[in-house]
Amino acid sequence: MTGARVWMIRHGQSESNAGLPTNGPGAAPLTARGRAEAARVAAALTGPPALVVASPFVRARQTALPTRERFPDVPYEEWPVQEFTYLGRLHGPHTTNAQRRPFAEAYWERSDPRHVEGGDGESFQGLIDRARAFLDRAAGVPGPVAVFTHGLFMKAVAWTLATGITEPDAAAMRAFRRYTDVAVVPNGSAIELRPHGPDAFGLVAGATGHLGAAEPERDPGRPVFAD
């Protein structure tokens, strides 16, 4: 890894991705498959980044661990690059994606970018604000950064870069949902950001070759699911 680049890496398969119940949006650990994906990510890096970053959620920190172990001298930080937790308290303890689906569908059908669900959920505007703040912060790091994050957050970063939208209306929110249907980000895959243009970064399509013969993605990451 050379130059001022950023690799946004989705965490390995989590228990939530595998259809198992979880105890809130940040608590789901990796499965055995997810741990293998994390190891393949670490092995695929051709050299040490200048910085390793992870979201505070368990599955992202666990995915970063093999990379941290491979490059123990590289600084490590946790940034607010966690998944979009739009259901708030409706993402109850010991619930599955299937059980949360009706609440998620209702949220996206509402298409209100400033709506806060479940009392303490993050609004869609809040997600886009967080994506833009991440881009600003990453642009200030003088070297390549490996960022272990989440599918919907990665899509939000890519979408706001591609569209330039920073204050979405209802139509933009519906467009983002359509975008998530076709922009597949498998567990363990990476999107590269390179210095380019007025937004500081250009987008390079996702990388999956390092995953080898991993089994096909079970859940393509539609926003009606928790990541």
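Criteria and thresholds
What you see as residue numbers is a count from 1 along each chain, following the sequence as written. Residue-level local features of this predicted model are given only where pLDDT is at least 70; pairs of side-chain atoms are given and counted only at 80 or more, and the full residue set underlies all totals for whole chains, interfaces and linings. No hydrogens and no water enter the side-chain calculation; it runs on all heavy atoms of the structure. Helix numbering and strand numbering both begin at the N terminus, where a helix is a DSSP run of H or I of at least 4 residues and a strand a DSSP run of E of at least 2. Should any heavy atoms of two residues lie within 4.5 Å, those residues are counted as being in contact. Per-residue accessibility takes into account occlusion by the displayed protein chains alone, with areas from the Shrake-Rupley method and a 1.4 Å probe. By this rule the span expected of a helix is its residue count minus one, scaled by 1.5 Å. Only protein chains enter the calculation, and the probe is 1.4 Å; a residue is then buried if its accessible area is under 20% of its type maximum, exposed if over 50%, and partly exposed in between. Here, strands pair whenever DSSP counts at least two bridges between them. The arc in question is formed by the directions pointing from the helix axis toward the C-beta atoms. Pairs of N or O atoms within 3.5 Å make up the polar contacts considered here, provided that, within protein, one atom can donate a hydrogen while the other can accept it, and that residues adjacent in sequence are counted only when both atoms are side-chain atoms. Any carboxyl oxygen of Asp or Glu within 4 Å of a side-chain nitrogen of Lys or Arg constitutes a salt bridge here. Here an angle of 0 to 180 degrees is reported between the N-to-C directions of two axes, which are lines fitted to C-alpha atoms, with helices fitted over the stretch in contact. What sets the label is the angle itself: under 35 degrees gives roughly parallel, over 145 gives roughly antiparallel, 65 to 115 gives roughly perpendicular, and the rest give oblique. Only four residue types enter the charge count, namely Lys and Arg as positive and Asp and Glu as negative; His and the chain termini do not. In plain words, nonpolar cores are sets of buried Ala, Val, Leu, Ile, Met, Phe, Trp, Tyr and Cys residues tied together by side-chain atoms within 4.5 Å. Confidence scores per residue from the predictor, reported as pLDDT, run from 0 to 100. To pair, rings of Phe, Tyr and Trp, with the six-membered ring standing in for Trp, must have centres within 6.5 Å; the planes then decide the type, stacked if under 30 degrees apart, edge-to-face if over 60, and tilted in the middle.

Caption draft 1: A look at the overall build of the protein chain. Regarding its fold elements, the protein chain presents 6 helices and 8 strands. The linear arrangement of helices and strands in the protein chain, starting from the amino end, is β-β-α-β-α-β-β-α-α-β-α-α-β-β. Put simply, of all contacts in the protein chain between residues at least 6 apart along the chain, 75% involve residues at least 24 apart. Summed over its atoms, the accessible surface of the protein chain is roughly 9600 Å², and 55% of this surface lies on carbon and sulfur atoms.

Caption draft 2: Molecular detail of helix H1 (residues 32-44). In this model H1 runs 19 Å from its N-terminal to its C-terminal C-alpha over 13 residues, within 8% of the 18 Å that 1.5 Å per residue would give. Along H1, the residues classified as buried are Arg33, Gly34, Glu37, Ala38, Val41 and Ala42. Against the buried residues of H1 lie strand S1 (6-10), helix H2 (58-70) and strand S6 (145-149).

Caption draft 3: Spotlight on the pairing of strand S3 (residues 51-54). Here S3 shows two buried faces, one formed by Leu51 and Val53 and the other by Val52 and Ala54. As paired strands, S3 and strand S4 (residues 76-78) are joined by 3 bridges and run parallel to one another. Looking at S4, one finds that Val52 is bridged to Tyr76.

Caption draft 4: Region of interest: helix H6 (residues 170-182). A rise of 1.5 Å per residue sets the reference length of H6, with its 13 residues, at 18 Å; its end C-alpha atoms lie 19 Å apart and thus fit the reference within 8%. Within the span of H6, buried status applies to Ala172, Met173, Phe176, Arg177 and Thr180. Down the axis of H6, the buried set is contained in an arc of 145 degrees. They therefore lie on one face. In this structure, H6 carries Arg178 and Val182 as exposed residues pointing more than 90 degrees from its buried face. For H6, the N-terminal capping position is held by Asp169, with its side-chain oxygen 3.2 Å away from the main-chain nitrogen of Ala171.

Caption draft 5: Structural context of the pattern of salt bridges. Here the structure, examined in full by the defined rule, presents 8 salt bridges. The residue Glu77 makes a salt bridge to Arg137 at a minimum N-O spacing of 3.8 Å. Of the two residues, Glu77 sits in strand S4 while Arg137 sits in helix H4 (residues 124-139), which places them 60 residues apart along the sequence. For Arg137, a relative accessible area of 41% gives the class partly exposed.

Caption draft 6: Examining the environment of Ser111 more closely. Following the sequence through the fold, Ser111 ends up in the loop between helix H3 (97-110) and H4. Considering only alpha carbons, one finds Ser111 and Met173, 62 residues apart in sequence, at a separation of 6.0 Å. Among residues more than four places away in sequence, those in contact with Ser111 are Ala170, Met173 and Arg174. Of note is the side chain of Ser111, whose polar atom sits 2.9 Å from the backbone oxygen of Trp108.

Caption draft 7: Representation of the packing of H3 against H6 in the model. Where H3 meets H6, the closest approach of the two axes is 9 Å, and the angle between their N-to-C directions is 135 degrees. Here H6 runs oblique to H3, going by the angle between their axes. Here Glu105, Tyr107, Trp108 and Glu109 of H3 come into contact with H6, specifically with Met173, Phe176 and Arg177.

Caption draft 8: Inspection of the side chain of Lys155 at higher detail. Within the secondary structure layout, Lys155 lies in helix H5 (residues 151-163). Look at Lys155: it is buried, it has no salt bridge, and the nearest opposite charge is Asp181 at 7.2 Å. Engagement of the side chain of Lys155 in a polar contact is seen with the backbone oxygen of Thr180, the distance being 3.2 Å.

Caption draft 9: Quick peek at the nonpolar core. Ranked by internal contacts, the top residues of the largest apolar core, which has 36 residues, are Val6, Phe124, Phe134, Val157 and Leu193. Those elements that provide at least two residues to this core are S1, S3, H3, H4, S6, H5, H6 and strand S7 (190-195). One finds Ile9, Ala64, Ala146 and Phe148 within the second-largest nonpolar core, a separate group that totals 12 residues.

Caption draft 10: Summary view of the confidence of the model for the protein chain. Averaged over every residue, the pLDDT of the protein chain is 89; the share at 70 or more is 86%. Here residues 216-226 scores under 50 on pLDDT; set against residues more than four positions off or in separate chains, the count is 37 contacts.

Caption draft 11: Inspection of the packing of aromatic side chains at higher detail. Taken as a whole and judged by the stated rule, the model has 15 aromatic pairs. Between Phe84 and Trp108 the ring centres are 6.1 Å apart and the planes differ by 80 degrees, which places this aromatic pair in the edge-to-face class. Here Phe84, found in the loop between S4 and strand S5 (93-95), pairs with Trp108, found in helix H3; they are 24 residues apart in sequence, far enough to count as distant. Trp108 shares its class with Phe84; the two are buried.

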